[in-house]
Amino acid sequence: MLHELQAHAQRLAATPLSALIAADPARAEEFALRCGPLYANFARQRYDRAALQALFEIADRADLSGAMRRLLEGEPVNLTEARPALHSALRSDLARSAFALAARAQALSAQLRMRELVAELEASDVTDIVSIGIGGSDLGPRLVVDALARPDARFNVHFISNVDGHAAQRVLARLAPARTAAVMISKTFTTQETLLNGAIVRDWLGDASRLYAVSANPQQVAEFGIPPERTLPMWDWVGGRYSLWSAVGFPIALALGMHDFEQLLEGAAEMDAHALHAPPRENLPVWHALTAVWNRNGLHASTQAVLPYDERLRLLPSYLQQLVMESLGKSVRLDGSDIDLHTVPVWWGGAGTDAQHSFFQALHQGTQVVPADFIGVIRAEHAYADNHAALLANLLAQTEALANGQDSEDPHRRYPGNRPSTLLLLDALTPRTLGMLIALYEHSVYLQSVLWQINAFDQFGVELGKQLARRLLPTLDGVGEASDPVTQAVLDALRASSVKG
Ligand code: F6P
C-alpha cells in the first residue's frame, strides 16, 4: 500500500515546495487544522493535493478510524504480548468495553490514592522529592516537571535515571535526607538502574518511611522494603512510555499539584476524543501520521527533527525519542513477516533558538533533507516581550527559509530550500495544552504502526543488551571470562588500567 507513495514522490521530485505552494496558495489555510488550543499547519510538507488524496485513501484502506476505536476499547493491540495498550483509560471515558471500563475504574481509584499520598507529603516537612526511574518511568515526568513546575512549587522534584553513579551523586549532594522523600518508579521493578539507584537513595535517606514506589510488581516492591501503603499501582495494560498519565506521574502531581495533573489528563482526553471522532481529513493525529510515512517512504528521509521553540519544552526531543523510536523501531510486521519498507527514522532535535546556532547549518545546506516538526507557543509566561517577539520571528523565519531557500551565484551562499516542516502552535503552555500535545504524538505513533503493520507497544530490541550486561557483570570483578573475543580484549584493557589506576 505504502509503496504507492513512491510514484507520487517521483511525480513531485522536480517540483520544489515553493512551487507547490505558489501553484496552490490556498493550501496555506487548507492544510491547517485546529484542535482547541492546538493549531497545526502541514502546508510546508512536500505533498500536493493528489499525493494527499492517495495518503487519505491509504488511511481509509488501513482503517485508521477502526484502529483508533480498537485501541481505545482495549483490544489486545499489543499482539506479541497479548495485551491492550489502554493509556487512554487513564484519562478518558470514551470506551464501552468491559475491559476498558474496568481499567478506567482501576485508574480512577489509583488517582484517588495518589491524591491522598500527595496530600500526606504536602502536610509533612518534606521539601524535596527524588524520583528514581528510567525510560518510560522517567522521561514523561521529567519532561512535564521541567516544562511546568513553578519556582514557588511546594516541592523541588529531582530525577535520577542513569546507572552511572554520578547521577545519584550529583542529585543527592544538594539535598538533606531529613527533608527529602523519594519515589521509585518501575513497572517491572526488575530494572537494574532503578534498583541500584533506589538502594543508594534508601541508604542515604536513613529513614525508609519516606520511600515510595510505583509499580505493577507489588511483591518485589515489598521485598525491597516499601510497604503497600506507600505503593501506587501500575498494570500490564499500560506501556512504560505511555504511562505518565498513571501513578508514574506521581512526581508531576507533587511538582504541579493534583489540580494541574488533572488538567494534563484533561488535555490528553480532549485529544483522545478528537482522535476518535474527527473525520480523517480533520484529524490531527491522522495528518501527522500520514505525513510521517510520506516523509519516510515517499521522500526516504532517514531522520526527523523536533524543534520546540520554547525553553520549557527543551526535553521534548528526548521524550519523543523514546516514545517514537522504542515504539516504531521494528523491522518485522505483526504477523512475523519482514517489512519491505523503512520504518521509523532517527528522531532528534533541540530547542530553538539554541539549535539554530548549533546544527541548523546542516538543516539548511546539508546533503540530507531532514523533515522537522517546529513547535511554538503563542503566549509567553514572562515579561520579556522583546525576547518573545524575537523567538516567534525566528520560528517563522526558519520554517520559511527551510522551505523556500534562496538562490545565489555563489554556491556556498545558496540555500536549496525544499525542506519540509510541520508547524504546531499552542495558544499557551499549560498542563492542558501539554497533555494534548503529548497525546497527539502518542496517537500519531500508534497510527504509523498501523500503517506499517508493526507493534507499537513491545520493545524486545532492548532485551539482549540487558541480558548480556547481567552476564558480564561478574567478569568486571574478575569472575569468569567473556565469550566474545573483542569484549574479552576490552575487559583485559579495563582490568589492566584499573590495576594501574
Ligand atoms: O528500556 C526498556 C524499558 O523496558 C522501557 O520500555 C521502560 O520504560 C523502561 O525500560 C523502564 O522499565 P521499568 O518501568 O519496568 O523499570
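Residues numbered from 1 in each chain as written. Predicted model: local features only at pLDDT ≥ 70, side-chain atom pairs only at ≥ 80, totals over all residues. Heavy atoms only, no water.

Draft legend 1. View of the site of the ligand. By nearness alone, 13 residues border the ligand, and S137, S186, T188, T191 and E326 come closest of all. Take S186: an N or O atom from its side chain is 2.6 Å from an oxygen atom of the ligand. Between the ligand and Q322, the relevant distance is 3.4 Å, taken from an oxygen atom to a side-chain nitrogen or oxygen of the residue. With the chains in place, 87% of the 400 Å² that the ligand exposes on its own is no longer accessible. Comparing atom positions with the cavity grids shows the ligand to sit within the largest pocket. (Near = heavy atom within 4 Å. Polar contact = N/O pair within 3.5 Å; in protein donor to acceptor, adjacent residues only side chain to side chain. Areas by Shrake-Rupley, 256 points an atom, 1.4 Å probe, with all protein chains shown as cover. 1 Å grid on protein atoms, 1.4 Å probe; cavity = no way out; pocket = protein on both sides within 12 Å on 5 of 7 lines; lining within 4 Å. Sits in = over half its atoms within 2 Å of the grid points.)

Draft legend 2. Structural detail: the sheet that holds strand β1 (residues 32–35). Taken together, six strands build an open sheet; the order of strands is β1-β2-β11-β10-β8-β9 and the sheet is mixed. One side of each edge strand has no neighbouring strand; the edge strands of this open sheet are β1 and β9 (346–349). Neighbour-to-neighbour, the strand axes of the sheet open up by a mean angle of 20°, direction not taken into account. Judged from the four bridges that link them, β1 and strand β2 (residues 38–41) form a sheet pairing that is antiparallel. Within β2, the position partnered with L33 by the bridge is A40. (Pairing = 2+ DSSP bridges. Helix = DSSP H or I, 4+ residues; strand = E, 2+ residues; numbered from the N terminus. Axes fitted to C-alpha atoms, helices over the stretch in contact; angles between N-to-C directions.)

Draft legend 3. Representation of the domain arrangement of the protein within the structure. When the domains of the protein are assigned, the result is domain 1 (2–61 + 278–458), domain 2 (87–261) and domain 3 (466–500). Across the boundary between the two partners, domain 1 contributes 25 residues, which contact 17 residues of domain 2. Interface of domain 1 and domain 2: buried area, both sides summed, is about 1,900 Å²; carbon and sulfur atoms make up 64% of it. On the surface where domain 1 and domain 2 come into contact, there are three salt bridges. (Domains from an automatic or database assignment. Contact = heavy atoms within 4.5 Å. Buried area = accessible area lost by both parts, 1.4 Å probe. Salt bridge = Lys/Arg side-chain N within 4 Å of Asp/Glu carboxyl O.)

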